[in-house]
Amino acid sequence: MAYQWDSSLESGYDKVDNQHKQLVAALNNLMEASSSGKGDAAVMDTLDFLTGYAIKHFADEEQLQVDYNYPDYLNHKKIHDDFKVVVGEMVQRVKTEGPTSEVIDAVSSAVGSWLLNHIKGDDFRMAAHVKAADSSQK
């Protein structure tokens, strides 16, 4: 099942939204690589890109929170840190069990549902704070 980007996922802060779109696309690419039989190497390369991009996105988002004195920064960072541990465990599972469609489906489902919930909750609150701070500075 591919994930679809739509307006319900837009926080209104372009940099964050663009990175979220890239994460959704990378997740879809992972599922496509697995289901189309592109081979283990292609699946692992796609998984590596997805995890690397997620780490970059988290760092960018955390810097934005620091720059705008986001009051829930420490909690938001902990959520990111905890999820990085979970993703690391999932990647290890893929390396141990192999990138079978069953394992990739489980990883994609877990990452996808976490990402969508995180965007609509924690990230929307953070983006609202940043937008409010931006508009008060104008």
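Check the entry above for the structure.
Residues numbered from 1 in each chain as written. Predicted model: local features only at pLDDT ≥ 70, side-chain atom pairs only at ≥ 80, totals over all residues. Heavy atoms only, no water.

Q: Which parts of the structure should I look at to understand empty space enclosed by the protein?
A: Going through the model one piece at a time under the given rule, you end up with two cavities of 30 Å³ or more. Taken as a whole, the largest cavity spans an internal volume of roughly 130 Å³. Forming the boundary of the largest cavity are 15 residues, of which Leu 50, Ala 54, Phe 83, Val 87 and Val 111 lie nearest the centre. Looking at the lining of the largest cavity, the elements that each hand over two or more residues are α1 (14–35), α2 (40–67), α3 (73–97) and α4 (101–136). Among the elements that line the lining of the largest cavity, the one with the most residues is α2, at five residues. (1 Å grid on protein atoms, 1.4 Å probe; cavity = no way out; pocket = protein on both sides within 12 Å on 5 of 7 lines; lining within 4 Å. Points joined across faces, edges and corners; volume = space filled by probe spheres on them. Helix = DSSP H or I, 4+ residues; strand = E, 2+ residues; numbered from the N terminus.)

Q: Would you mind going over the pattern of salt bridges with me for this structure?
A: Pairs may arise between side chains of opposite charge once their charged atoms sit close together. Evaluated as defined, the whole model comprises six salt bridges. In this structure, Lys 84 and Asp 81 form a salt bridge, with 3.5 Å as the shortest nitrogen-oxygen distance. Of the two residues, Lys 84 and Asp 81 both sit in helix α3, three residues apart, roughly one turn of that helix. On the basis of relative accessible area, Lys 84 is assigned to the partly exposed category, the value being 32%. We classify Asp 81 as partly exposed; its relative accessible area is 27%. For Asp 122, the salt bridge goes to Arg 125, with nearest N and O atoms at 2.7 Å. Taken together, the positions of Asp 122 and Arg 125, both in helix α4 and three residues apart, correspond to about one turn of that helix. Taking the relative accessible area as the measure of exposure, Asp 122 reaches 15% and is therefore buried. (Salt bridge = Lys/Arg side-chain N within 4 Å of Asp/Glu carboxyl O. Buried < 20%, exposed > 50% of the residue type's maximum accessible area, 1.4 Å probe, protein only.)

Q: Is there a simple way to think about the packing of α1 against α2 in this case?
A: Angle between the axes and distance between the axes: these two values describe a pair of packed helices. One can describe the packing of α1 onto α2 by two numbers: an axis separation of 9 Å at closest approach and a directional angle of 165 degrees. When the axes of α1 and α2 are compared, the pair comes out roughly antiparallel. Helix-helix and strand crossings are classified by hand; for α1 and α2 the assignment is left-handed. A per-class count over the contact of α1 with α2 returns 14 nonpolar, seven polar and four charged. (Axes fitted to C-alpha atoms, helices over the stretch in contact; angles between N-to-C directions. Parallel < 35°, antiparallel > 145°, perpendicular 65-115°, else oblique. Left-handed = near helix turned anticlockwise from the far one by under 90°. Nonpolar A, V, L, I, M, F, W, Y, C, P; charged D, E, K, R; others polar.)

Q: It is not clear to me how the nonpolar core should be interpreted in this structure. Could you clarify?
A: Ranked by size, the top nonpolar core spans 28 residues in total, and within it Leu 47, Phe 83, Val 94 and Val 107 carry the most contacts. Every element with two or more residues in this core is listed here: α1, α2, α3 and α4. For Leu 47, the contacting residues outside a window of four places in its chain are Leu 30, Val 91, Val 94 and Val 107. Counting nine residues, the second largest nonpolar core, distinct from the first, contains Tyr 70, Ala 127, Val 130 and Ala 133. (Core = buried A, V, L, I, M, F, W, Y, C linked by side-chain atoms within 4.5 Å. Contact = heavy atoms within 4.5 Å.)

Geometric descriptors of this kind do not, in isolation, establish any biological role.
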